[in-house]
Amino acid sequence: MHQWKTIVVGVDGSPGSRKALAWAAAEAADHSADLLVVNVWEHTLLPPAGSVSVSEHYVPEPSQSTTDELVQVIKSELGDDPPVRVQAQVKQGRPAKVLIDESAGADLLVVGHRGHGGFAGLVLGSVSQHVAAYAKCAVTVVR
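Procedures and definitions
Residues numbered from 1 in each chain as written. Predicted model: local features only at pLDDT ≥ 70, side-chain atom pairs only at ≥ 80, totals over all residues. Heavy atoms only, no water. Helix = DSSP H or I, 4+ residues; strand = E, 2+ residues; numbered from the N terminus. Buried < 20%, exposed > 50% of the residue type's maximum accessible area, 1.4 Å probe, protein only. Contact = heavy atoms within 4.5 Å. Areas by Shrake-Rupley, 256 points an atom, 1.4 Å probe, with all protein chains shown as cover. Expected span 1.5 Å × (residues − 1). Arc of directions from axis to C-beta.

Engineer: Run through the overall build of the protein, naming residues and quoting values.
Structural biologist: A count of helical and extended segments in the protein gives four helices and five strands. The helix and strand sequence of the protein, counted from the amino end, reads β-α-β-α-β-α-β-α-β. Split into buried and exposed, the 143 residues of the protein put 36% on the buried side. When contacts within the protein are restricted to residue pairs at least 6 apart in sequence, long-range pairs at least 24 apart make up 73% of them. Total accessible area on the protein is roughly 8,500 Å²; 52% of this is exposed by carbon and sulfur atoms.

Rendered as structure tokens:
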């Protein structure tokens, strides 16, 4: 059996991403792999009001509470003493691109089939479709 070293899982707090986290942790335990849990936030600019323009420079960075929320999701799904080594990361960027970039150093990338955004009627969300097509490692989409 191929020995995996790192499994990356994208988590946005949605029910689908929580299932993906639990599945990825079980897989990491089976393969004695480390689990990298990634939450990605994207800059969204407010529409300009009147003649005032909004600069990205004034959009606040995520606070420590974003990381704390991710850690809370991990504890909620995996308990206080997970069966694998877990590293939590919060990154800025487009979620699909960040996860694809992270896949370069991973043996497996895991995502939920639907996240918080998009249209509820779609079978796959845009992020899961994009990473399935362009990731640099094997991908599992958890339903």
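That covers the picture; the talk isn't over yet.
Engineer: Quick rundown of helix α2 (residues 64-78)? Include the residues and the values.
Structural biologist: The end-to-end C-alpha distance of α2, which contains 15 residues, comes to 21 Å, matching closely the 21 Å that a straight helix rising 1.5 Å per residue would cover. Taken as a whole, α2 has its buried residues at Thr66, Leu70, Val73, Ile74 and Leu78. Each buried residue of α2 sits inside an arc of 105 degrees when the element is viewed along its axis, so together they form one side. In α2, those exposed residues whose orientation departs by more than 90 degrees from the buried face are Gln64, Glu69 and Gln72. Structurally, α2 contributes buried residues whose contacts are with α1 (15-31), β2 (34-41) and β3 (86-92).

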